[in-house]
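Residue-level structure breakdown
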Amino acid sequence: MNFFQRFSRHAHDVAIDLGTVNTVIYVRGQGIVLNEPSVIALETRNGVRSVKVVGNDAKLMMGKTPSNIEALRPLRDGVIADIEVAEQMIKHFIDKALGGPSRLRRRSNVVVCVPTASTIVERRAIRDATSNAGAMSVQLIEEPLAAAIGAGLPVTEPLGTMVVDIGGGTTEVAVLSLGGVAYSNSVRVGGDKMDEMITSSIRRKHNMMIGEMTAERVKLTIGSAVGPAGPGLSMAVKGRDLVNGRPSEVPVTEAEIADALSEPVSQIVSAVRAALEGTPPELAADIIDQGITLTGGGALLRRMDQAIAEATGLPVRVADNALTCVATGAGHAFEEIAYRHVLLAA
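Please read these numbers as outputs of a predicted model, since none were measured by experiment.

The rules behind each value
Residues numbered from 1 in each chain as written. Predicted model: local features only at pLDDT ≥ 70, side-chain atom pairs only at ≥ 80, totals over all residues. Heavy atoms only, no water. Salt bridge = Lys/Arg side-chain N within 4 Å of Asp/Glu carboxyl O. Helix = DSSP H or I, 4+ residues; strand = E, 2+ residues; numbered from the N terminus. Pairing = 2+ DSSP bridges. Axes fitted to C-alpha atoms, helices over the stretch in contact; angles between N-to-C directions. Parallel < 35°, antiparallel > 145°, perpendicular 65-115°, else oblique. Contact = heavy atoms within 4.5 Å. Buried < 20%, exposed > 50% of the residue type's maximum accessible area, 1.4 Å probe, protein only. 1 Å grid on protein atoms, 1.4 Å probe; cavity = no way out; pocket = protein on both sides within 12 Å on 5 of 7 lines; lining within 4 Å. Points joined across faces, edges and corners; volume = space filled by probe spheres on them. Nonpolar A, V, L, I, M, F, W, Y, C, P; charged D, E, K, R; others polar. UniProt positions renumbered as here; feature names shortened; annotations may be inferred. Domains from an automatic or database assignment. Left-handed = near helix turned anticlockwise from the far one by under 90°.

Another aspect to go through is the pattern of salt bridges. In a structure, side chains of opposite charge can pair up when their charged atoms sit close to one another. By the definition in use, this model includes 16 salt bridges. Here Glu36 and Lys96 are joined by a salt bridge, their closest N and O atoms 2.8 Å apart. You can see Glu36 sitting in strand β3 (residues 31-37) and its partner Lys96 sitting in helix α3 (residues 83-98), a full 60 residues away along the chain. Linking Asp128 and Arg127 is a salt bridge whose minimum nitrogen-to-oxygen distance equals 2.9 Å. Bridged by salt links that share partners, the residues Arg73, Arg76, Asp192 and Glu212 form one connected network.

Spatial ordering of the open sheet is given by β14-β15-β16, a layout of three strands whose pairing is antiparallel. Strands with a single pairing partner mark the edges of an open sheet, and in this sheet they are β14 (208-209) and β16 (247-253). Relative to strand β15 (residues 234-241), β14 runs antiparallel, the two being bridged by two bridges. Bridge assignment links Met209 to a residue of β15, and that residue is Arg240.

Let us look at the packing of helix α6 (residues 143-150) against helix α12 (residues 325-335). For the pair α6 and α12, the least separation of the axes is 6 Å and the interaxial angle reads 85°. One finds that α6 runs roughly perpendicular with respect to α12. Where α6 approaches α12, its residues Glu143, Ala146, Ala147, Ile149 and Gly150 are matched on the opposing element by Cys325, Val326, Thr328, Gly329, Ala330 and His332.

Since the α-helix advances by 3.6 residues per turn, residues separated by three or four positions end up pointing in the same direction. Of all eight residues making up α6, eight are buried, and the element is well covered by its neighbours. Every buried residue of α6 is accounted for by Glu143, Pro144, Leu145, Ala146, Ala147, Ala148, Ile149 and Gly150. Two residues or fewer after α6 comes Gly152, characterised by a positive phi angle close to 80°.

Turning our attention to the layout of surface pockets. Looking at the largest pocket, its volume works out to about 970 Å³. If you go around the largest pocket, you meet 49 residues; those closest to its centre are Val21, Asn22, Lys59, Glu216 and Lys219. Looking at the lining of the largest pocket, the elements with two or more residues in it are β1 (12-18), β2 (22-27), β3, β11 (161-166), α7 (191-206), α8 (212-222) and α12. If you tally residues by element for the lining of the largest pocket, the top one is α8, at seven residues. Each residue belonging to the lining of the largest pocket can be placed in one class, and the counts come to 17 nonpolar, 18 polar and 14 charged.

It is worth spelling out the sheet that holds β11 at this point. Overall, mixed pairing links the five strands, which are arranged β13-β12-β11-β17-β18 in an open sheet. Strands at the two margins of the open sheet, each flanked by one partner only, are β13 (180-187) and β18 (316-318). Going from strand to strand, the sheet's axes swing by 20° on average, the running direction of each strand aside. Of the pairings in the sheet, the one linking β11 to strand β12 (residues 171-177) comprises six bridges and is antiparallel in character.

This part covers the UniProt feature "binding site: ATP" (unreviewed entry) in the protein chain. The sites that carry the UniProt feature "binding site: ATP" (unreviewed entry) are, in the present numbering, Gly168, Gly169, Thr170, Glu216, Arg217, Val218, Lys219, Gly297, Gly298, Ala299 and Leu300. Put simply, the named residues that line the largest pocket are Gly168, Gly169, Thr170, Glu216, Arg217, Lys219, Gly297, Gly298 and Leu300. Looking at where Gly298 falls in the secondary structure, it is placed in the loop between β17 (292-295) and α11 (304-312). Residue Gly298 is classed as buried on the basis of its relative accessible area of 8%. Among all residues touching Gly298, those that are not within four sequence positions of it are Ile166 and Met304. Among the secondary structure elements, Ala299 is positioned in the loop between β17 and α11.

Entries for the protein chain in the domain assignment read domain 1 (14-38 + 73-145 + 326-342), domain 2 (153-189 + 261-322) and domain 3 (191-260). Here domain 1 and domain 3 have C-alpha centroids that lie 33 Å from each other.

Turning next to the packing of helix α9 (residues 254-277) against α11. Two numbers describe how α9 lies on α11: the axes approach to 10 Å, and their chain directions differ by 45°. Considering their axes alone, α9 and α11 lie oblique with respect to each other. Our pair here, α9 against α11, has a crossing hand that is right-handed. Packed against α9, whose contacting residues are Val265, Ile268, Val269, Val272, Arg273 and Leu276, the element α11 presents Met304, Ala307, Ile308, Ala311 and Thr312 at the interface. Of the residues contributing to the contact of α9 with α11, the split by class is nine nonpolar, one polar and one charged.

Structural data, given as structure tokens:
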């Protein structure tokens, strides 16, 4: 029996971590099958706009497109900013994940991760975009809960655990117990804000304008939440000189980038402190033993765990699969009866 015959017989379960920066898809029985940038490129010909590429190929086009092609990110701050474009992106991602045509998509039960602080309107936008993309049924799950399940934390036990999910648009801090969110706090600060601060710092200090992808590359290469004792690592950065308008290249150091990132890092640390202050005493006592678990792409910023540990005095660890544990946890909520109650009707 081939792949298409197997999936045409049964409806199949798909979990989507629809992130501001990356979309990760988990298919029941297969695990993570797709992890690509949440970017879509649209081409306009004779007044008609159509999808050209999505994901990795679309990201390569950002900042480099001709007038008839747009490379867009339809999500901002963890929620959908353009529902029609998001719908097209989700449709293409699900087809790509399932390896087949739309008839497979129409037999999908989909669970989508949503920020805890998202409004009813924002959740409805995610539900509608996923339904319109062709899903047979749609359920939602709160991101910190999915992240904790994916990180292997004992979320269904009467035990307090704290998760800090640092995404592209938002950082979610949640204290979990008995399969629910006992306390949560969210700030609209994440990887995007860090990139903006790097761009602003280089423009201010070197009179040079850099693109979004260059700023991200600097963050991944020499970015740090805690500055080094000296200059630290360095790298050459290319962009446009704002004085003479010509292409230019300047060296930047790890200490300089750590200074640029100090504001978003301090906002994340403040959110963690606020969550600890609002946590009931019995759960707070558990967190002393359990520590804090970091998930999401922002958790991979060097020394982020050190910054939070120094501010809170608690043990902090980065989840083994920080980038994908939200989608993995959402997928496990489909597969394991013990987690079914955490799914929300869309």
